[in-house]
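Letter by letter, the chains look like this.
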Amino acid sequence: MKKKISLLCLTLATIGMLAACSSKSASTGQERETKSLTFVSNFPSDTLDPQLNYTTVRAGIAETLVKVNEQLQIEPWLAKKWKTEDNGTTWIFEIRGGITFQNGKDLNAEAVKHSLERTIKESEAMKSALKIKEMKASGQILIITTTEPLATLPSELVHPNTAIIDVDTSDIKSKPVGTGPFKVASFKPDSEMKVKKYKEYWDEGPKLDEVVLTFNDDENARTSALQSGEADIVYRPAIESLNTLKQDSSIVVDIQPSLRNQMLFYNSRQEAFKDKNVRKAFDVLLNPTDVVNTALAGQGSPAAGQGSPAAGQGSPAAGPFLDSLDFSNDQKTKTYGPSEAQKHLEKAGYILKDGKAIKNGKQLSFKLVTYPYRPELPLMSQMLQSEAKKIGVKIDIQQVENMEEYMTTKDDWGIVTYSLVTAPRGDAGYFFNALYTEGGAFNVGHFHEPALASIIDELNKTVDQKQRNKLARQAGEIAEKETLHSSIVHPNNFVAYRDNVKNWVTAKSEYYVITKDLDVK
């Protein structure tokens, strides 16, 4: 008898528990399932501080005043509108009303001011780019005065490092508080982050309840995670797996031309690379088409005059910018290979003796630095090393985890291979300011060309787009003539995801990943 009573009690208790679980949705007559998604990328993230990392914007935690659309045109985001009445020295931004941070605090001009003050305090690169002299806040109106006319200030405010956060929170590195559709639930540096829906989000509620973002620099591991069902979306699966993934009816493969350029940066503080002829030797040593076919398995296009690549690889490009952009330079066809590079080394005074490029009794040798989470870069580095050996140059390759920190703090390298989004806001100003102005985020080569600096200065003051394009092409011609960098290839951007994922967009800028519209069936 006791057993029967116990069983009845257990049954009633179970029914009561089920009723409790369903009670919230009983009024609608149906139970709502939690919508979640797992995203695996190769973006390393040891901090969520937006001044140090793009992840906060990519994960939908924080937003910027201005954003860029898929046509590479800037549009309002947290700022409702903006204007300048003195050709770019004084800017008036109207901040949207009715927006709260994820802790309930109102977003107003004062909060934006404090966030941007932290940006220029924490980031020398953003301080140089924004050129802010002072800011005044009143209600929803923010007035920014720059140290000089800056026609591109709204475009600069697209940058994820300018994301607006509540600066009064205690743990910005692990739990920043933004205005985005998702708020941080947990964070394990360089491993995993979980975000949950911010129910009071200002611009249509996010469709997902939660997202798990994991970080893995092993492209094969990312691919396996997708194939096993552990991941819903994988950013940059293994290149060699793309054909296999395309044959799986449950997986969608999205391949797009990217705004990236796989580049060689030269260090002018190394004696050899002060010589333009040495730089020119390495500019023509690698055949870009060989890099596309070998390091990129066909997923890219040459960044110099190499003719058309095979079908499906995109169109050939010129210099650091895709040739579809109005400010891209027409590039003359180049001759590539060791024999052509040898001619430039001879002009620099090097003699090939006993298989070594010798000048003043010393062989030309240097350190090349690369990084692993874009695996085509180490491969490209090895190709360069192999070709350099043919002309008597000794290259030692070093891989580092944090390339940005290494190349901006150390001068022991001659060349670095780097993957740079050269025109993330559809304008050339970012590239030239970042690489060739004092304090620029990527001015790691320490070059100073007066003629180029003069054009960049004029570019920064020019509002008219046609004139900006003309100036950008002039700047590009100088950078090409002096070989201040080498543009090797434009890699394709590719993402693979399960067929139940809805509204995924492979953003050209690579700024926006987890969005309010992302959904699963």
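Just above sits the structure.
Just so it is clear, the structure is predicted and the values come from calculations on it, not from any experiment.

### A look at the overall build of the protein chain
Phase 1 of the analysis: The helix and strand inventory of the protein chain stands at 15 helices and 23 strands.
Phase 2 of the analysis: Compactness check: the protein chain gives a C-alpha radius of gyration of 26 Å against a globular reference of 24 Å for 521 residues, within 12% of the reference.
Phase 3 of the analysis: Principal-axis analysis of the C-alpha atoms places the extent of the protein chain at approximately 100 × 60 × 40 Å.
Phase 4 of the analysis: Expressed as a percentage of the 521 residues in the protein chain, the buried residues total 55%.

### Notes on a positive patch on the surface
Phase 1 of the analysis: Judged by side-chain charge, K175, K183, K188, K194, K196 and K199 come together as a positively charged surface patch.
Phase 2 of the analysis: One can find K194 in strand 9 (residues 192–197).

### Considering the sheet that holds strand 6 (residues 132–138)
Phase 1 of the analysis: Reading across from one edge, 4-5-7-6 is the order of the four strands in this open sheet, with antiparallel pairing throughout. Both outer strands of the open sheet, strand 4 (79–84) and strand 6, are each paired with one neighbouring strand and no more. Averaged over all pairs of adjacent strands, the angle between strand axes in this sheet comes to 20°, irrespective of strand direction.
Phase 2 of the analysis: Where strand 6 and strand 7 (residues 141–146) come together, six bridges link them in antiparallel fashion. Paired with M135 across the two strands is I144, which belongs to strand 7.
Phase 3 of the analysis: Sheet strands in contact with helix 3 (residues 109–122) are strand 5 (90–95), strand 6 and strand 7, and its direction is about 160° off that of strand 6.

### Observations regarding the pairing of strand 21 (residues 485–498)
Phase 1 of the analysis: The buried fraction of strand 21 amounts to 14 of the 14 residues, a majority that puts the element mostly inside the structure.
Phase 2 of the analysis: Sheet topology places strand 12 (residues 251–257) next to strand 21; seven bridges connect them, and they run antiparallel. Looking at the pairing, D254 lines up with V495 of strand 21.
Phase 3 of the analysis: Taken together, the four bridges between strand 13 (residues 260–266) and strand 21 define a ladder with antiparallel strand orientation. Residue Q262 lies in a different strand from strand 21, and its bridge partner there is V489.
Phase 4 of the analysis: The pairing of strand 14 (residues 300–302) with strand 21 spans three bridges and is antiparallel. Paired with S301 across the two strands is H490, which belongs to strand 21.

### What about the nonpolar core?
Phase 1 of the analysis: Counting residues in hydrophobic clusters, the biggest one holds 126 residues, and the most contacted among them are L65, F265, F282 and V393.
Phase 2 of the analysis: By residue number, the principal contributor to this core is helix 13 (residues 429–436), which donates six residues.
Phase 3 of the analysis: The contacts of L65, once residues within four sequence positions are left out, are P76, W77, L78, A79, I95, V112, L116, L157 and I164.
Phase 4 of the analysis: Counting residues in hydrophobic clusters, the runner-up holds 25 residues, among them F187, F215, I514 and L518.

### Examining the packing of helix 13 against helix 14 (residues 450–461)
Phase 1 of the analysis: It is at 10 Å that the axes of helix 13 and helix 14 come closest, and there the two elements cross at 135°. It follows that helix 13 is oblique to helix 14 by the angle criterion. Crossing of helix 13 over helix 14 shows left-handed handedness. Along the contact surface, helix 13 presents G429, F432, N433 and Y436, while helix 14 presents L452, I456, L459 and N460.

Each value, and the rule that gives it
- Residues numbered from 1 in each chain as written.
- Predicted model: local features only at pLDDT ≥ 70, side-chain atom pairs only at ≥ 80, totals over all residues.
- Heavy atoms only, no water.
- Helix = DSSP H or I, 4+ residues; strand = E, 2+ residues; numbered from the N terminus.
- Rg over C-alpha atoms; globule rule 2.2 N^0.38 Å.
- Buried < 20%, exposed > 50% of the residue type's maximum accessible area, 1.4 Å probe, protein only.
- Patch = residues over 30% accessible without salt bridge, like charges linked within 9 Å, V, L, I, M, F, W, Y side chains within 5 Å.
- Areas by Shrake-Rupley, 256 points an atom, 1.4 Å probe, with all protein chains shown as cover.
- Salt bridge = Lys/Arg side-chain N within 4 Å of Asp/Glu carboxyl O.
- Lys, Arg positive; Asp, Glu negative; His and termini not counted.
- Charge placed at Lys NZ, Arg CZ, Asp CG, Glu CD.
- Pairing = 2+ DSSP bridges.
- Axes fitted to C-alpha atoms, helices over the stretch in contact; angles between N-to-C directions.
- Contact = heavy atoms within 4.5 Å.
- Core = buried A, V, L, I, M, F, W, Y, C linked by side-chain atoms within 4.5 Å.
- Parallel < 35°, antiparallel > 145°, perpendicular 65-115°, else oblique.
- Left-handed = near helix turned anticlockwise from the far one by under 90°.

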